[in-house]
Amino acid sequence: MKKPELYISAGSITEAQRYIEAGADAVAVGEHQFGMRLPGNVSLEELSSLIPWAHERGAKVFVVVNKIMDNELLQALPSYLRSVQQLGADAVVFGDPAVLISIRQAAPGMKLHWNAEMTSTNSETASYWGSKGAVRVVLARELNMDETLDIKSKLPTMEVQVQVHGITNIYHSKRSLVTNYEAHQGRSGQEASKGPGDGLFLIEQERKDERYPVYEDENGTHIMSSDDVCMLENLNELIDGQIDSLKIEALLKSVEYNETVVKSYRKAINAYLADPQNYVFQEEWLDAIKEIQDPRRELSYGFFYKEQVY
């Protein structure tokens, strides 16, 4: 049985190292100039030390370049991608075709992971990007289990990644909506915090018990889900379905929380692979997460067991 990759985003060298030591097989990092919804900023200089450190321990480092590109940013992109390749990064995560074109020119041979967020919902589109050079597709979070496994079965030559834990993005705008709202309210930008994890929420009139984190950064405004996906109890279904990469989203969580999550998922994966026939889920793995889970945020199965209509 194939061993799936346990993958997590990281906001600094220290975070990445702690996650790898906790059991992660791969970490995703990047710079805010080229990537969106990153838990932190990791520069090229920092990559130069992180990548060899990770490789010495058998782990991979992926660089996230998933920003919505404009013409001004395209000027700096080839140089950045060339440096990423020279430093030995294992792949670039992209959504905009401009990144693919720039890779061909500046860093030919660099592995590509296609992540278009909500639009990666079928095998034909994934195959198209595979024909353009992508070796992995990151599936939309809105797919259910049957859809996820069906897509994987139709992509024998492409790796498939799914998110199994953490917060998900439900809205993005390049506009500074929080700043504009504060200005409309007659408040200065410093009176209300706008960074990730600073306690700003949206609450619907009909569902006042659900809090949607919202934050603004140099890439615009992001609204996140009110709950956290947690597929720890059902990882065996994804492993049996030959899913290649299981992602933990670290955004808006403490390092200690993410470290605990990685350890629990590592234990579950290892236990199942060691003896699939006699595998028994251990509640203590989930209890460790529940002990430090924000009580205002439900642990859910996301869309894995829902009937989604597009």
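The residue numbers shown here count from 1 along each chain, following its written sequence. For this predicted model, a pLDDT threshold of at least 70 governs which residues receive local features, and a threshold of 80 or more governs which side-chain atom pairs are given and counted, while totals over whole chains, interfaces and linings are taken from all residues. Side-chain numbers come from the whole structure's heavy atoms, not from hydrogens or water.

Draft legend 1. Focus on the overall build of the protein. Along its length, the protein carries 11 helices and 14 strands. Its C-alpha radius of gyration of 19 Å places the protein within 12% of the 19 Å reference for a compact globule of 310 residues. Seen through its C-alpha atoms, the protein measures out along the principal axes to roughly 65 × 50 × 40 Å. Burial here depends on accessible area, computed with a 1.4 Å probe over protein chains only, as a share of the maximum for the residue type. Under 20% is buried, over 50% is exposed, and the range in between is partly exposed. When burial is assessed residue by residue, the protein has 51% of its 310 residues classed as buried. Restricting the contact set of the protein to residue pairs at least 6 apart, pairs at least 24 apart contribute 67%. For the area figures, the Shrake-Rupley method with a 1.4 Å probe applies, and any residue is considered shielded solely by the protein chains shown. Surface accessibility of the protein: about 14,400 Å² in total, with carbon and sulfur atoms responsible for 47%. The positive charge centre, built from 31 side chains, and the negative charge centre, built from 46, are 3 Å apart in the protein. Each helix corresponds to a stretch of at least 4 residues labelled H or I by DSSP, and each strand to a stretch of at least 2 residues labelled E; elements are numbered beginning at the N terminus. Restricting the calculation to C-alpha atoms gives the radius of gyration, and the globule rule supplies 2.2 Å times the number of residues raised to the power 0.38. The criterion used for residue contact is that any of the two residues' heavy atoms lie within 4.5 Å. Charged-residue counts in this description rest on Lys and Arg as positive and Asp and Glu as negative, His and the chain ends being excluded. Note on charges: their place is set at NZ of Lys, CZ of Arg, CG of Asp or CD of Glu.

Draft legend 2. Local environment of the packing of aromatic side chains. Side-chain rings of Phe, Tyr and Trp (the six-membered ring for Trp) are treated as a pair once their centres are within 6.5 Å; stacked means planes under 30 degrees apart, edge-to-face means over 60, and tilted covers the remaining angles. By the definition in use, this model includes nine aromatic pairs. Summarising the aromatic geometry, the rings of Tyr 272 and Tyr 279 are spaced 5.1 Å apart at their centres and angled 90 degrees between planes, so their arrangement reads as edge-to-face. For the residue pair Tyr 272 and Tyr 279, the accessibility class agrees, reading buried in each case. Here the aromatic rings of Phe 281 and Trp 285 are separated by 5.5 Å at their centres, their planes lie at 85 degrees, and the arrangement is edge-to-face. The burial state of Phe 281 is the same as that of Trp 285; both residues are buried.

Draft legend 3. Spatial organisation of the pairing of strand 4 (residues 91-94). Here strand 4 shows no split at all, with Ala 91 and Val 93 on one side and Val 92 and Phe 94 on the other all buried. Pairing geometry for strand 3 (residues 60-65) and strand 4, over four bridges, is parallel. Its bridge partner lying in strand 4, Phe 62 is registered against Ala 91. Strand pairing is defined by DSSP finding a minimum of two bridges between the two strands. In terms of strand pairing, strand 4 meets strand 5 (residues 112-114) through three bridges, oriented parallel. Along strand 5, the bridge assignment pairs Val 92 with Leu 112.

Draft legend 4. Summary view of the pattern of salt bridges. For this analysis, a salt bridge means a side-chain nitrogen from Lys or Arg found within 4 Å of a carboxyl oxygen belonging to Asp or Glu. Scanning the entire structure with this criterion turns up 13 salt bridges. Residues Asp 228 and Lys 253 are paired through a salt bridge, measuring 3.0 Å at the closest nitrogen-oxygen approach. Taken together, the residues Asp 228 in strand 12 (residues 228-230) and Lys 253 in the loop between strand 13 (245-248) and helix 10 (255-274) connect sequence positions 25 residues apart. There is no split in this pair, since Asp 228 and Lys 253 are both buried. Taken together, the shared-partner salt bridges connect Lys 2, Lys 152 and Asp 244 into one network.

Draft legend 5. Spotlight on the sheet that holds strand 11 (residues 220-224). With antiparallel pairing, four strands are arranged side by side in an open sheet as 8-11-10-9. The open sheet terminates on both sides in strands that have one partner only, identified here as strand 8 (169-173) and strand 9 (201-202). Summarising the sheet, strand 8 and strand 11 pair through four bridges and their orientation is antiparallel. Bridge pairing in strand 11 places Ser 173 opposite Thr 221.

Draft legend 6. Region of the structure containing the pairing of strand 2 (residues 26-29). Of the two faces of strand 2, both are covered, the one formed by Ala 26 and Ala 28 as well as the one formed by Val 27 and Val 29. Handedness of the strand 1 (residues 5-9)-helix 1 (residues 13-22)-strand 2 crossover: right-handed. Here four bridges tie strand 2 to strand 3, and the two strands are oriented parallel to one another. Residue pairing for strand 3: Ala 26 is matched across the bridge by Lys 60. By convention a crossover is right-handed if, when the strands point away from the viewer, the path from the first strand over the helix to the second runs clockwise.

Draft legend 7. Structural detail: the nonpolar core. Core analysis: the biggest nonpolar cluster contains 78 residues, and Val 65, Val 92, Val 99, Leu 232, Leu 235, Leu 238 and Tyr 265 have the highest contact counts within it. Residues contacting Val 65, with those up to four places away along its chain left out, are Phe 34, Leu 77, Tyr 80, Leu 81, Val 92, Val 93, Phe 94, Gly 95 and Val 99. Buried Ala, Val, Leu, Ile, Met, Phe, Trp, Tyr and Cys residues form a nonpolar core when they are joined through side-chain atoms within 4.5 Å. One finds Ala 28, Phe 62, Ala 91 and Val 93 within the second-largest nonpolar core, a separate group that totals eight residues.

Draft legend 8. Main features of the packing of helix 1 against helix 10. Helix 10 packs onto helix 1 with a crossing angle of 25 degrees between their chain directions and a minimal axis gap of 8 Å. Between helix 1 and helix 10, the angle is such that the two are roughly parallel. As for how helix 1 packs across helix 10, the hand of that crossing is right-handed. Here helix 1 contributes Glu 15, Arg 18, Tyr 19 and Ala 22 to the contact with helix 10, which in turn contributes Val 255, Glu 256, Asn 258, Glu 259, Val 262, Lys 263 and Arg 266. Considering only residue class, the contact of helix 1 with helix 10 consists of four nonpolar, one polar and six charged. Fitted lines through C-alpha atoms give the axes, limited to the stretch in contact for helices. The angle between two N-to-C directions lies from 0 to 180 degrees. Each angle gets one of four labels, with under 35 degrees taken as roughly parallel, over 145 as roughly antiparallel, 65 to 115 as roughly perpendicular, and the rest as oblique. Crossings are classed by handedness, with left-handed meaning an anticlockwise turn of the near helix from the far one by less than a right angle and right-handed meaning a clockwise turn. Each residue receives one of three labels: charged for Asp, Glu, Lys and Arg, nonpolar for Ala, Val, Leu, Ile, Met, Phe, Trp, Tyr, Cys and Pro, and polar for the others, Gly being one of them.

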